[in-house]
Amino acid sequence: MKKNILIAPSILSADFSNMASELAVIKDSGADWIHVDVMDGHFVPNMTFGPPLIKSYRKNSDMIFDVHLMTEAPERLLESYKDAGADRLTFHVEACRHSHRYLRAIRDMGLASGITLNPQTPASAVEYLLEECDQVLIMSVNPGFGGQSFIEPVLQKIQVVKKMIKDRGLKTLIQVDGGVNSENSQRICDAGADVLVMGSAFFNEKDKKSFVNKIKGTL
């Protein structure tokens with residue numbers, strides 16, 4: 001496995017009643033980012049972290065907060081999540097009519113910008129957005145809930161997006177979220193992923209530091 005793979009544990013699978021401790025565990029494990037799934041109950045059938053919660057978590061961690069907006073009209077929320085402490089903001093191409101404008105707006109705020117593709121959305125949906133993206137988040141489950149199984153055909157989409165990025169000489173990262181675990185992480189990275197979002201696969205491990213080391217290929 002590539003040595004520069006980044007691990008971003010998703011706090012959707014954390015113990016919400018003990019988040020300060022969970023954030024410390026993530027840092028101690030050697031993981032790179034904290035992935036925050038924001039759901040509005042409309043774009044996806046679940047509701048999670050609003051800006052006040054993110055702001056409170058920010059006080060307990062100096063790690064990169066990678067905020068994934070699974071919401072309708074994400075452009076209305078960019079400022080509030082920036083103010084809450086996001087370092088990276090990603091929204092769904094399916095939810096926004098003017099993705100190019102708002103990717104640029106995120107960068108203008110001083111944050112890293114990202115666009116997300118649902119499993120059924122073709123890679124071509126981001127073809128003309130890549131220059132404005134610091135990352136493309138490819139969903140490998142249908143968004144809304146944790147603990148789902150990886151959708152295998154998504155591997156081909158990862159390969160297609162990776163080729164687009166390479167052909168243009170860009171440094172855009174590919175992030176993969178959904179059903180990622182120690183059994184499929186090699187194939188996902190071989191397809192072109194740079195960042196692995198892990199929820200239950202990470203939090204269910206007793207020795208999280210060894211788990212992160214194994215995934216990164218340092219053992």
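It should be noted that the structure appears before, not after, this text.
Report follows, based on the coordinates. Predicted model only: the values in this text are computed from it and were never measured.

### Some words on the pairing of strand β8 (residues 195-198)
Burial of β8 is two-sided: the residues V195 and V197 facing one way and the residues L196 and M198 facing the other way are all buried. Relative to β8, strand β1 (residues 6-9) runs parallel, the two being bridged by four bridges. Along β8, the bridge assignment pairs P9 with M198. Of the pairings in the sheet, the one linking strand β7 (residues 173-177) to β8 comprises three bridges and is parallel in character. Of the residues in β8, the one forming a bridge with V176 is L196. Traced from β7 through helix α6 (residues 185-191) to β8, the parallel crossover comes out right-handed.

### Details of the sheet that holds strand β4 (residues 88-92)
Picture the strands of a sheet paired through backbone hydrogen bonds; they go either parallel or antiparallel. The strand order β1-β8-β7-β6-β5-β4-β3-β2 describes an open sheet built from eight strands, whose pairing is parallel. Across the chains shown, the open sheet's two edge strands, defined by having one partner strand only, are β1 and β2 (33-39). On average, each strand axis in the sheet is tilted by 25° relative to the strand beside it, whichever way the strands run. For strand β5 (residues 112-117) and strand β6 (residues 135-139), the ladder comprises four bridges, and the chain directions are parallel. The residue of β6 that forms the bridge with L117 is I138. Packing of helix α5 (residues 154-167) onto the sheet brings it into contact with β5, β6 and β7, and relative to β6 it is tilted by some 165°.

### A closer look at the pattern of salt bridges
In the structure shown here, the tally under the stated rule is eleven salt bridges. Between D32 and K216 there is a salt bridge; the shortest N-O distance is 2.8 Å. Of the two residues, D32 is situated in the loop between α1 (19-29) and β2 and K216 in helix α8 (residues 208-216); the sequence distance between them amounts to 184 residues. The class for K216 is buried, based on a relative accessible area of 13%. Residue K163 is joined to D167 by a salt bridge in which the shortest nitrogen-to-oxygen separation is 2.8 Å. Highlighted residues: K163 and D167, both in helix α5, separated by four residues, approximately one helical turn. Given the relative accessible area of 51%, K163 is considered exposed.

Conventions and cut-offs
- Residues numbered from 1 in each chain as written.
- Predicted model: local features only at pLDDT ≥ 70, side-chain atom pairs only at ≥ 80, totals over all residues.
- Heavy atoms only, no water.
- Buried < 20%, exposed > 50% of the residue type's maximum accessible area, 1.4 Å probe, protein only.
- Helix = DSSP H or I, 4+ residues; strand = E, 2+ residues; numbered from the N terminus.
- Pairing = 2+ DSSP bridges.
- Right-handed = clockwise from strand over helix to strand, strands pointing away.
- Axes fitted to C-alpha atoms, helices over the stretch in contact; angles between N-to-C directions.
- Contact = heavy atoms within 4.5 Å.
- Salt bridge = Lys/Arg side-chain N within 4 Å of Asp/Glu carboxyl O.

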